[in-house]
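Commentary on secondary and tertiary structure
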Amino acid sequence: MSKIEWKPGNMVYPIPAVMVSVRDKEGKDNILTVAWVGTVCTNPPMVSISVRPERYSYKALEETGEFVINLTTEELAYATDFCGVRSGRDYDKFKECHLTKEEGSHVAVSMIKESPVNIECKVREAHKYGSHTMFTADVLAVHVDDAYMNENGKFCLENANPIVYSHGTYFTVGEELGTFGYSVKKVTKEKTATAKTSDRIGKERTKPRWKKSRKKK
Ligand SMILES: Cc1cc2nc3c(=O)[nH]c(=O)nc-3n(C[C@H](O)[C@H](O)[C@H](O)COP(=O)(O)O)c2cc1C
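This one's a predicted model, so the numbers in the text were calculated from it and none came from an experiment. (Residues numbered from 1 in each chain as written. Predicted model: local features only at pLDDT ≥ 70, side-chain atom pairs only at ≥ 80, totals over all residues. Heavy atoms only, no water.)

Turning to the side chain of Ser166, a few remarks are in order. By the element assignment, Ser166 lies in strand S10 (residues 163-166). By relative accessible area, Ser166 is classed as buried at 16%. When residues no more than four places from it in sequence are discounted, the contact partners of Ser166 are Tyr13, Pro14 and Phe171. (Helix = DSSP H or I, 4+ residues; strand = E, 2+ residues; numbered from the N terminus. Buried < 20%, exposed > 50% of the residue type's maximum accessible area, 1.4 Å probe, protein only. Contact = heavy atoms within 4.5 Å.)

Have a look at this one:
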């Protein structure tokens, strides 16, 4: 087995594909799908989206500097794709996709009610790099659907069936492998043996796969 070297390209996959909502100066709402989305900073909370200037939504982003990131789910997969292949120049995407508008509390942009998480953002800077302009933005507020809060007050996004995007294909998220720091967590033998499938510890992978399969030469 050997690696093939390719010309430079974008290969960070899988990634989220989010629906970004915007409103232009005339008050027209629109949605575009964005996969070039990322976390920039924890404190202050900042995100980025990279958008091509030829997108219809670009003008609204430049004019108002406001947008909402709406996370996507299996149920929203069709709308996610539609909003990424049809333009607001020709379609009212909220109407076409039967999406419900909810007014943002910090930005004058409609949030998508059907999305489990809406992130209100205010642009700080626009960096023009080439094909895309990266808008870095402050997160002003986050709205989460209380249907996904568990009895311990934890937000369980996995119950909303989030989707990811990889090399042109949408996927659902697979099985849980472990929680943050599990690789160094001390687990007693008895605990592992008695753990039920519903127990987090019982499901966590205790050794990386390559360690198990690599043969000694
Ligand atoms: C899965 C997916 C991801 C996309 N990611 C981006 C992106 O990161 N940046 C971008 O400018 N366009 C992206 N697009 C394309 C726009 O969403 C698309 O051109 C859309 O029709 C623009 O809408 P608008 O003209 O109403 O603004 C993506 C499309 C799809 C289907």
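With five of its five residues buried, strand S5 (residues 66-70) lies for the most part within the structure. Residues Glu66, Val68 and Asn70 line one face of S5 and the alternating positions Phe67 and Ile69 line the opposite face, and both faces are buried. Of the pairings in the sheet, the one linking strand S1 (residues 18-23) to S5 comprises three bridges and is antiparallel in character. Within the sheet, the bridge partner assigned to Ser21 lies in S5 and is Val68. (Pairing = 2+ DSSP bridges.)

Using the criterion set out here, one finds seven salt bridges in the structure. In this structure, the salt-bridge partner of Arg23 is Glu103, at a minimum N-O distance of 2.9 Å. Taken together, the positions of Arg23 in strand S1 and Glu103 in strand S6 (residues 101-103) put the pair 80 residues apart, joining distant regions of the chain. In this structure, Arg52 and Glu54 form a salt bridge, with 3.7 Å as the shortest nitrogen-oxygen distance. Overall, Arg52 belongs to the partly exposed group, its relative accessible area being 29%. Relative accessible area serves as the criterion here: at 46%, Glu54 is assigned to the partly exposed category. Each of the salt bridges in this network shares a partner with another, and the network as a whole consists of Arg23, Asp29, Lys101 and Glu103. (Salt bridge = Lys/Arg side-chain N within 4 Å of Asp/Glu carboxyl O.)

Turning our eyes to something else, we now look at the sheet that holds strand S4 (residues 46-51). Reading across from one edge, S2-S1-S5-S8-S9-S4-S3 is the order of the seven strands in this open sheet, with antiparallel pairing throughout. Where the open sheet ends on each side, the last strands, each with one partner, are strand S2 (29-34) and strand S3 (37-41). In this sheet, adjacent strand axes meet at a mean angle of 35 degrees when their direction is disregarded. Pairing analysis gives four bridges linking S3 to S4, with the strands arranged antiparallel. Within S4, the residue paired with Gly38 across the bridge is Ser48. Taken strand by strand, helix H2 (residues 77-85) contacts S1 and S2, and its axis lies near 100 degrees from that of S2. (Axes fitted to C-alpha atoms, helices over the stretch in contact; angles between N-to-C directions.)

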